[in-house]
Amino acid sequence: MKLIEYYILLFLYFAKGQAGQPIKITRRDMSMILKCSERNVVHILNKMEETDWIKSERGRGRGNSTAIHFLKPYQEIFQLFAASAPKTKDIEKLIGVIERADINMDIREVVNSLILQLFWGNQKSADSKNKDSDTLNIPYHRQLYDLEPLHAERQTERHIVSQVFNTLVTYSEEKNEIRPSVAHHWEFSKDGRNLTFYLRKGVAFHNSEYLTANDVMFTLERLGNTHSSWIIKDLEKVCCHGNYIIELKFSKPSFYWLWLASSLKCSIVPAAYSGMSAEEFYQKPIGTGPFKVKEFERATILRLEAHTAYFQERSHLDEISIHILPSAEKYFNVQTIEDKPVFYHPFSPEKESESELQVAERKGLSVKYLVWNMTKEQIRKDISLRHNAEALVDRKKLIDELGYPRYEPAAGFLKESGSSVKEKGPEESTVTETLRDSPLLLVTYDLIPNLEDLYSLRKEWENHGIPVKIKSYPYPDFLKQVKHADLVLSEYVTEETEENSFLNLLENEMSPVYQLMDDRSRAKINTMLNEALQKEEREERLVALRKIDLLLQKGKMTVPLYWTYQTAIFKTDLQGISLSTVGLAPFKDIFFRKV
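The structure presented is a predicted model; accordingly, all values stated were derived computationally and were not measured.

Engineer: Lay out the sheet that holds strand E13 (residues 319-324) with the relevant residues and their values.
Structural biologist: The strands making up a sheet are joined through hydrogen bonds of the backbone, oriented either antiparallel or parallel. Read across the sheet, four strands follow the order E4-E13-E12-E11 without closing on themselves; strand pairing throughout is mixed. Since the sheet does not close on itself, it has two edges, and those belong to strand E4 (135-140) and strand E11 (291-297), each with one partner. Taking the axes of each pair of neighbouring strands and ignoring which way they run, one obtains an average angle of 15° across the sheet.

So, in structure tokens, the structure goes:
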């Protein structure tokens, strides 16, 4: 434990957070709080006096009290704590100490003071000696899972993947077109069965190796034994023509694949993971993106540093540190940190109208939805239950009562499905054979808005005779538990190209919709997909995909609830903030305004 942490413990427990007054304490009491010997207590007090943090009048003999004057108020000592570059686990521990301490002041005010010192302004990296080095510290409230592009299904993981990796091409939402990235040119054969990419030269991975066609070949071939094998289901052969030309040969017309190449799941990874095992690569991946992974402990910290050899434009920031602080989530709100907020907080409720904070907002980020387990015969045959349960869902009431991040009712997964939903009343009797012996088992993952949604829905359903049991799991466990549920609440996260998102929903083997689809529906949807994906024009493909979207709703398989939105708050001294399709700011464009 650092000396500053010892001071904070003694200051909070014995001085109750009040500086300047003499406090009589025995060495025995201090040793119990500091969990050290009385001899070590004497050493610690001497060090604190040398730094002018305390003045003490030592009592003589064992058991006699020492009068201590704590000279540093908590605001000043928190500033020193922040400057010591504490680890995330130390921050979490300190918040716990503050919450448990019997202090004569508002706990929220004290914790906010700590948070402001930690995240206010341009903090230097703990190991940087460069005075011009710029680091952005970001608070985050849940564990991050591995950074493997194939596993990234949630918003934050997808965003991090986009900062670490590049794809062959990207999608421009503004121009509604595919743009060059790692590939600078591409061309299809007339029949749409051959697609050739021409790669840029000098694209460096984070380990200083240069990207070649062999890396692209490895990236595609590794998909074959994963839950995302659907991406290459029509790909028959990959041919490298030297180091910078790669040709893909398909079994059928595959004009859609150019758009699919922009998916994060097609992020280019180095051949054979640059000698690492797959597990090692998950923890510290190597890409070609604007940031590289410096440190990653999924429950505590993610540190990214600028990839100075990035082939497009070097980032303005030198480092991004994302601190996982679940215990701090309840302290982040605009009202209590208005005077000096964190520079950037990515998940913030709406600001007050008179607030001077800057806000970036993105609407239509994702769809929260319910999906029935159609693999269970009793659920599949009980159309009355599925109809009545959906009829009792008041989407507008859900949004109005529960608020952020709920935006507007969703009629489907694709944006052209709109937000107009015709609510039909339930049939007179909602009690069915399915519910005679046990309640409906609803499964979701442990996100606060998910549980808020389910508690609200359960109340309405049980008022109409539909008993419900709710279970929530950490996200990886949730994906394994989906198949046991009767009904699942999940989230459909959009990518830049919405057909990529929709295909992932339908064909990724870990998707709740894929897992819970019955064989008959799957066969019908697969036929419709094959017809849609062979169309050359994108608009024609989207029209065909909307028919599948409509089929999911009409067949009472899925129940889209609402579109989400996201706001982020930041001070004007932080520039370059705009939100991507997953609701987070691309780190490469952010910089501090210092004058």
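Having seen it, we continue.
Engineer: Residues and numbers for helix H2 (residues 27-34), please.
Structural biologist: What H2 keeps buried is the set Arg27, Met30, Ser31 and Leu34. Along the axis of H2, the buried residues cluster in a sector spanning 100°; they form a single face. Away from its buried face, by an angle of more than 90 degrees, H2 presents the exposed residues Arg28 and Met32. Buried residues along H2 sit in contact with helix H1 (3-14), strand E1 (22-26), helix H3 (38-50) and strand E3 (65-70).

Engineer: Break down the packing of aromatic side chains for me, citing the residues and quoting the values.
Structural biologist: A full pass over the atoms with the stated rule returns 20 aromatic pairs. Geometrically, the ring pair formed by Phe11 and Phe70 is tilted, given 5.7 Å between the ring centres and 55° between the ring planes. With a gap of 59 residues between them, Phe11 in helix H1 and Phe70 in strand E3 connect regions that are remote in the sequence. Both residues of the pair, Phe11 and Phe70, belong to the buried class. Between Phe413 and Tyr492, the ring centres sit 5.1 Å apart and the planes meet at 65°, which makes this aromatic pair edge-to-face. Within this pair, whereas Phe413 is found in the loop between strand E16 (406-409) and strand E17 (440-445), its partner Tyr492 is found in strand E19 (residues 487-493), the two being separated by 79 residues in sequence.

Engineer: Can you explain the environment of His151? Please cite residues and give values.
Structural biologist: For His151, the position within the fold is in the loop between E4 and helix H7 (155-164). Looking at His151, the relative accessible area reads 38%, which means it is partly exposed. Measuring from C-alpha to C-alpha, the distance between His151 and Pro476 comes to 9.8 Å, with 325 residues separating the pair along the chain. Residue contacts for His151: discarding those within four places in its chain leaves Asp146 and Tyr282.

What counts and how
- Residues numbered from 1 in each chain as written.
- Predicted model: local features only at pLDDT ≥ 70, side-chain atom pairs only at ≥ 80, totals over all residues.
- Heavy atoms only, no water.
- Pairing = 2+ DSSP bridges.
- Helix = DSSP H or I, 4+ residues; strand = E, 2+ residues; numbered from the N terminus.
- Axes fitted to C-alpha atoms, helices over the stretch in contact; angles between N-to-C directions.
- Buried < 20%, exposed > 50% of the residue type's maximum accessible area, 1.4 Å probe, protein only.
- Arc of directions from axis to C-beta.
- Contact = heavy atoms within 4.5 Å.
- Phe/Tyr/Trp six-rings, centres within 6.5 Å; stacked < 30°, edge-to-face > 60°.

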